[in-house]
2 protein chains.
Amino acid sequence: MPPVPHTAVADLLGALAYAELTAFDRLAEDARMAPTLTGRASLARMAAAEIAHHVQLSARLTELGVDPAAAMAPFVSALDTFHESTRPSTWLEGLVKAYVGDGLATDFYREIAGFLPEPDRSLVLDVLADTGHADFAVREVRAAIAADRKVAGRLALWGRRLVGEAMTRSQAVIAEHDRLADLIVSGTGDLSGIGRLIERITDAHTERMKALGLNP
Amino acid sequence: MPPVPHTAVADLLGALAYAELTAFDRLAEDARMAPTLTGRASLARMAAAEIAHHVQLSARLTELGVDPAAAMAPFVSALDTFHESTRPSTWLEGLVKAYVGDGLATDFYREIAGFLPEPDRSLVLDVLADTGHADFAVREVRAAIAADRKVAGRLALWGRRLVGEAMTRSQAVIAEHDRLADLIVSGTGDLSGIGRLIERITDAHTERMKALGLNP
């Protein structure tokens, strides 16, 4: 693999830093829909964990001589549009989005992290570690389906809409950012490498839908 | 001073735990009004610090054999009403509320902490430590006033409205919670002690308004 230019690293860290900031926003917003104080506090704690990651990524960008705000800026519009177009209207939709949407994003960033040199590879893998959200979401969603089978159909549709939007938006982001595109192409090796990457991400998505008790 | 009953301690920790959770909510909401990504990230970090405090208080409640959600529940309505009735409509109003409102609340809790036995006294004083919000708010508000003198008058009115609402709501909470009222009365010694407590809190409020460049 050719060496990865610093600018591609900064792009990825910037995208991820902004993703953590929007994840914080979204979790904080969803927390307010929580049916119990315990659920609300749980989501608020997860939001705080995202900010801790954001802080780590910003610190690394500063270390690389890149202004974190400048590194995040190119990704604001795409990520905001994704969140605006997939705004959950219920507590359960929020949990499915957090689990399925974050799962997709995490898989994607983890794949790309594999192409990065150290210490950035470890940093990215570290901030992608689950903050306890997954177990919490799975538990709550399964319990809701057990209580009322009808919710499964609606949530399955919602999950499929999320993956569609996520794929569309991320392709648009990569198409607009040559350095990220180069990183992925040179990292995967060739078109069939990209195909396998997409397959791995899609398979993991299917597993997550099943874990929630939803038809993928 | 007579020994403080565990129940009064649980009341205070419960009120404070819920206050931290609402502070988190409010900061997260205000973060979205930030004019810059750097300002938004700063507020999000402060929100995360409030949650760290909430976690400490919840852990202590659990240690005392009290369910954190049950300890918070009696204070939900009063604190929510306060925040609903003082919802900032601009970024600057949000900062003034954070600085002036949190300052009032902090002074009040700090006074009561003085009546608590250890380790709860230290815990409360510890979670009340400033999370960097104060300096940030003062800097931003003073800069805005320097750029446009007109905002000072509007923000001063806003500050006075905040203190009025805060006083009304906290009196109502104390009136409804006998154990908290007993704690304050026995802690201050007598009515003139309560008078001096209110005077200290009011003086500190005046200082904060001046620090922002606002007419108290």
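Refer to the structure presented above.
In this text, all values refer to a predicted model and were calculated from it rather than measured experimentally.

Chemist: How do you make sense of helix α4 (residues 91-113) of chain A when you look at a structure like this?
Modeler: A turn of α-helix holds 3.6 residues, and therefore any two residues three or four places apart point the same way. Taking 1.5 Å as the rise per residue, α4(A) with 23 residues should run 33 Å; its terminal C-alpha atoms sit 32 Å apart, in good agreement. Most of α4(A) is tucked away, with 19 of its 23 residues classed as buried.

Chemist: How should the packing of helix α7 (residues 150-176) of chain B against helix α9 (residues 191-212) of chain B be read in this particular structure?
Modeler: When two helices pack together, their arrangement is given by the angle between the helix axes and by the axis-to-axis distance. Residue and element names in this part refer to chain B. Where α7 meets α9, the closest approach of the two axes is 11 Å, and the angle between their N-to-C directions is 160 degrees. It follows that α7 is roughly antiparallel to α9 by the angle criterion. Between α7 and α9 lies a crossing whose hand is right-handed. Mapping the contact onto sequence places Ala156, Gly159, Arg160, Val163 and Met167 in α7 and Ile201, Thr202, His205 and Met209 in α9. Grouping the constituent residues of the contact of α7 with α9 by class yields five nonpolar, three polar and one charged.

Chemist: For this particular structure, what's the right way to read the relation of the copies chain B and chain A?
Modeler: Relating the two copies of this chain is a rotation about some axis coupled with a shift parallel to it. Take chain B, turn it by 180 degrees, move it 0.0 Å along the axis, and it overlays chain A with an RMSD of 0.0 Å. Seen this way, the second copy is the image of the first under a two-fold rotation axis. Measuring from the rotation axis to each C-alpha of chain B, the shortest distance belongs to Ala48(B), at 2.2 Å. When the interface residues of chain B are mapped onto chain A, 100% of them are again interface residues, pointing to one common binding face.

Chemist: Can you walk me through the nonpolar core in this structure?
Modeler: Soluble, globular proteins show a tendency: their nonpolar side chains are buried together. Judged by nonpolar contacts, the single largest core of 147 residues is most densely connected at Val96(A), Leu214(A), Val96(B) and Leu214(B). Here Leu214(B) is in contact with Val96(B), Ile145(B), Ala152(B), Leu155(B), Ala156(B) and Met209(B), once residues within four sequence places are set aside.

Chemist: Could you clarify how one ought to interpret the interface of chain B and chain A in this entry?
Modeler: Frequently, the measure chosen for interface size is the accessible area that the parts lose on association. Across the contact, 24 residues belong to chain B and 24 residues belong to chain A. Carbon and sulfur atoms make up 64% of the surface buried where chain B meets chain A, a total of about 2,000 Å² over both sides. It is Arg32(B), Leu37(B) and Arg40(B) that lose the most area in chain B upon contact with chain A, and together they represent 28% of the buried surface on that side. Between chain B and chain A we count six salt bridges in total. One salt bridge in this structure joins Arg32(A) and Glu29(B), with 3.3 Å as the shortest N-O distance.

Chemist: When you look at the packing of aromatic side chains in this model, what are you seeing that I'm missing?
Modeler: Two descriptors summarise a pair of aromatic rings, namely the distance from one centre to the other and the angle between the planes of the rings. Residues and elements named next belong to chain B. This structure, assessed with the given rule, holds five aromatic pairs over all chains. Seen in terms of ring centroids, tryptophan 91 and phenylalanine 136 are 6.3 Å apart; in terms of plane orientation they differ by 75 degrees. Their pairing is edge-to-face. Highlighted residues: tryptophan 91 in helix α4 (residues 91-113) and phenylalanine 136 in helix α6 (residues 133-147), separated in sequence by 45 residues. The pair formed by tryptophan 91 and phenylalanine 136 is uniform in burial state, with each residue classed as buried.

Chemist: I tried to follow helix α5 (residues 120-127) of chain B on my own but got confused; where do I start?
Modeler: When we look at burial in α5(B), the residues that qualify are Asp120(B), Leu123(B), Val124(B) and Val127(B). Each buried residue of α5(B) sits inside an arc of 95 degrees when the element is viewed along its axis, so together they form one side.

What counts, and at which threshold
- Residues numbered from 1 in each chain as written.
- Chains lettered and ligands numbered in written order.
- Predicted model: local features only at pLDDT ≥ 70, side-chain atom pairs only at ≥ 80, totals over all residues.
- Heavy atoms only, no water.
- Helix = DSSP H or I, 4+ residues; strand = E, 2+ residues; numbered from the N terminus.
- Expected span 1.5 Å × (residues − 1).
- Buried < 20%, exposed > 50% of the residue type's maximum accessible area, 1.4 Å probe, protein only.
- Axes fitted to C-alpha atoms, helices over the stretch in contact; angles between N-to-C directions.
- Parallel < 35°, antiparallel > 145°, perpendicular 65-115°, else oblique.
- Left-handed = near helix turned anticlockwise from the far one by under 90°.
- Contact = heavy atoms within 4.5 Å.
- Nonpolar A, V, L, I, M, F, W, Y, C, P; charged D, E, K, R; others polar.
- Least-squares fit on C-alpha atoms with pLDDT ≥ 70 in both.
- Core = buried A, V, L, I, M, F, W, Y, C linked by side-chain atoms within 4.5 Å.
- Buried area = accessible area lost by both parts, 1.4 Å probe.
- Salt bridge = Lys/Arg side-chain N within 4 Å of Asp/Glu carboxyl O.
- Phe/Tyr/Trp six-rings, centres within 6.5 Å; stacked < 30°, edge-to-face > 60°.
- Arc of directions from axis to C-beta.

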